[in-house]
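Listed here are the chains, written in short residue letters.
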Amino acid sequence: DGDMYTFMNNENFEQIALSAEVLGDAVNYLIPNLKLKIEMFEERPVGIEMPITVEMRILETEPSIKGASVSNVGKPAKMESGLIVTVPAFISEGETIRVDTATGAYVERVR
């Protein structure tokens, strides 16, 4: 909602809103139904604890190249959150990959 992101407690369905400013770079990895831990200070939300990796779907990338699994050539891929990740040439649009939330780097293809 604008620059506010809403999170729901799965136990009591309470909703907590945090601004994009508070979340910082974590907004690049937020996708629907991602389970996170909300960091609290004096009973107020102050941030989130991101998982080490997240699984994200590729919305746009150049066509895959057959036999490219041998080379280390990368290409840009736009993820469902808008994040751009460099992926190997054999990765195709519509595939799901695992992305490191600390570095924004491609980890592996999810099968």
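Here is what the cut-offs are and how they apply
- Residues numbered from 1 in each chain as written.
- Predicted model: local features only at pLDDT ≥ 70, side-chain atom pairs only at ≥ 80, totals over all residues.
- Heavy atoms only, no water.
- Core = buried A, V, L, I, M, F, W, Y, C linked by side-chain atoms within 4.5 Å.
- Buried < 20%, exposed > 50% of the residue type's maximum accessible area, 1.4 Å probe, protein only.
- Helix = DSSP H or I, 4+ residues; strand = E, 2+ residues; numbered from the N terminus.
- Contact = heavy atoms within 4.5 Å.

1. A short note on the nonpolar core
Phase 1: Counting 13 residues, the largest nonpolar core has Met56, Met79, Ile97 and Val99 as its most contacted members.
Phase 2: Secondary structure elements with two or more residues in this core: β5 (53–61), β6 (74–79), β7 (84–88) and β8 (96–100).
Phase 3: In terms of residue count, the dominant contributor to this core is β5 (three residues).
Phase 4: Excluding residues that lie within four positions of it along the chain, methionine 56 makes contacts with Asn28, Tyr29, Ile31, Met79, Glu80, Ser81, Leu83, Glu95, Thr96, Ile97 and Val99.

2. Quick notes on unusual backbone geometry
Phase 1: Backbone geometry at glutamate 42 places phi at a positive 50°, although glycine is not the residue there.
Phase 2: Take glutamate 42: it is sitting in the loop between β3 (37–41) and β4 (44–49).
Phase 3: What makes glutamate 42 exposed here is its relative accessible area of 65%.
Phase 4: Unusually for a residue other than glycine, glutamate 43 sits at a positive phi of about 65°.
Phase 5: Note on placement: glutamate 43 falls in the loop between β3 and β4.
Phase 6: Look at glutamate 43 and you get exposed, because its relative accessible area is 76%.

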